[in-house]
Protein chains: 2
Amino acid sequence: MEGHNTKLSKQRELVLQIVRSTKMHPTAEDVYYKAKKTMPRISMGTVYRNLRLLSKMGRIKEINFPDSPTRFDGDMRDHYHIRCSECGRIEDISHFSPRAAVDEIEKLTMYQIHTVHIKYEGICPECQKKSKIS
Amino acid sequence: MEGHNTKLSKQRELVLQIVRSTKMHPTAEDVYYKAKKTMPRISMGTVYRNLRLLSKMGRIKEINFPDSPTRFDGDMRDHYHIRCSECGRIEDISHFSPRAAVDEIEKLTMYQIHTVHIKYEGICPECQKKSKIS
DNA sequence: TTAATAATAGGAACTATTACTAATTTACTC
DNA sequence: GAGTAAATTAGTAATAGTTCCTATTATTAA
Ligand SMILES: [Mn+2]
Ligand SMILES: [Mn+2]
Ligand SMILES: [Zn+2]
Ligand SMILES: [Zn+2]
């Protein structure tokens, strides 16, 4: 009913609901401890598996900053994130385009921005050829 | 002579030279195996320690893409990176500003871009207050 | 040279995450 | 509701990447 070979377990529902119901961008560990309040016997493995699955299903998003565990976001609207390098909090930047200048973001968020990470991912010309052949 | 409390060891020099002398954006493991050819007794710990140190000293840069080990870049000129999601290679995008549009990059690199990561890091208003006090 | 201190090799420890497996749960079908 | 196959689970072991620890060695300044 959800996707292809996915049965809807209580655990999966709970994990989704937890990630959706917060703006804190929780880690897997955060989700685990919240889930335990409702389902004391839920396991870490289950939390990780469902987070990964929900992410592949496009129901939640993963947020990766260097040197810190992956965080999850139940807000699927198009937005970017800003992290405080002191306290580690992650906040939303609503609907910002790649063109946005750093000083505009500083004004909006009141952050003192010192680092901008921009990364592109795609298929290289060589791999494009390969997939045409196969 | 280098930084604050840094003595210039043979190992440190070698690690720096290896990272500087390639455009492959090597992992710590890559650097380790290259280093072993010159210094067969060098240890992983030494490689990691020096990569971290050189990075803090501003002599090399770290590149973090999700789900893959950290890579290092001896090219300190301002530039971004693009990764192929098929083969994992990382290439330079010479001197590109954040304003650059994706289709411009596609034309330049011949990649089929499907993901853009933009991340900002800075100090949040709360932490700015804290550091004023202390 | 010597003394002080930083760096090293080697290995243990750590952290986040994934993999394994027997038991359980879910979704179908009757 | 019972029967069945497949997916999911809890619990635990394993993994990868990286950092930490400690006794020994190298570097630097005097
Ligand atoms: Mn968000
Ligand atoms: Mn580069
Ligand atoms: Zn902060
Ligand atoms: Zn490729």
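The sections below set out a description of the structure shown in this document. Computed from a prediction, not measured in an experiment: that's the story for all the values here.

### Some words on the coordination of the zinc ion (ligand 3)
Around the zinc ion (ligand 3), the protein supplies Cys84(A) (SG), Cys87(A) (SG), Cys124(B) (SG) and Cys127(B) (SG) as donor atoms, at distances of 2.2 to 2.4 Å. The coordination sphere of the zinc ion (ligand 3) comprises four donor atoms, whose angles at the metal cover 105 to 118°; the geometry is tetrahedral. With respect to class, Cys124(B) is no different from Cys127(B); both count as buried.

### Comments concerning the protein's contact with DNA strand D
Close to DNA strand D lie 19 residues; Ser9(A), Arg12(A), Arg41(A), Thr46(A) and Arg49(A) are nearest. Take the atoms of DNA strand D that sit within 4 Å of the protein: sugar and phosphate atoms are 75% of them. A distance of 2.6 Å separates a base nitrogen of DNA strand D from a polar atom in the side chain of Lys7(A). Thr70(B) places a polar side-chain atom, nitrogen or oxygen, 2.8 Å from a phosphate oxygen of DNA strand D. Mapped onto the surface near DNA strand D, the elements with two or more residues apiece are α1 (10-20) and α3 (44-56) of chain A together with α3 (44-56) of chain B. The leading source of residues in the surface near DNA strand D is α3(A), at three residues.

### Regarding the coordination of the manganese ion (ligand 1)
All names here are of chain A. The protein atoms donating to the manganese ion (ligand 1) are His25 (NE2), Asp73 (OD), His79 (NE2), His81 (NE2) and Asp92 (OD), with metal-donor distances spanning 2.0 to 2.3 Å. Sequence spacing of the donors to the manganese ion (ligand 1): H-x47-D-x5-H-x1-H-x10-D. Here His25, found in the loop between α1 and α2 (28-38), pairs with Asp92, found in strand β4 (residues 90-94); they are 67 residues apart in sequence, far enough to count as distant.

### Some points on the pairing of strand β5 (residues 112-123) of chain A
Pairing of β5(A) with strand β5 (residues 112-123) of chain B involves eleven bridges; the strand directions are antiparallel. In the sheet register, Thr115(A) faces β5(B), and the bridge partner there is Glu121(B). Two elements, β5(A) and strand β3 (residues 79-84) of chain B, share four bridges in a ladder whose sense is parallel. Across the sheet, residue Tyr120(A) finds its bridge partner in β3(B), namely Ile82(B).

### A word on the protein's contact with DNA strand C
Residues in contact with DNA strand C amount to 19 residues; listed here are only the nearest, Lys7(B), Arg12(B), Arg41(B), Thr46(B) and Arg49(B). Here DNA strand C approaches the protein such that, of its atoms within 4 Å, sugar and phosphate make up 79%. Separating a phosphate oxygen of DNA strand C from a backbone N or O atom of Leu8(A) is a distance of 3.2 Å. In the model, a phosphate oxygen of DNA strand C is placed 2.8 Å from a nitrogen or oxygen of the Tyr48(A) side chain. Only α3 of chain A together with α1 (10-20) and α3 of chain B provide two or more residues apiece to the surface near DNA strand C. When residues in the surface near DNA strand C are grouped by element, the largest group, three residues, is from α3(B).

Definitions and limits used
- Residues numbered from 1 in each chain as written.
- Chains lettered and ligands numbered in written order.
- Predicted model: local features only at pLDDT ≥ 70, side-chain atom pairs only at ≥ 80, totals over all residues.
- Heavy atoms only, no water.
- Donors = N, O, S within 2.8 Å, 3.2 Å for Na, K, Ca; no water.
- Tetrahedral: all angles 85-135°; square planar, octahedral: opposite > 155°, others 65-115°.
- Buried < 20%, exposed > 50% of the residue type's maximum accessible area, 1.4 Å probe, protein only.
- Near = heavy atom within 4 Å.
- Polar contact = N/O pair within 3.5 Å; in protein donor to acceptor, adjacent residues only side chain to side chain.
- Helix = DSSP H or I, 4+ residues; strand = E, 2+ residues; numbered from the N terminus.
- Pairing = 2+ DSSP bridges.

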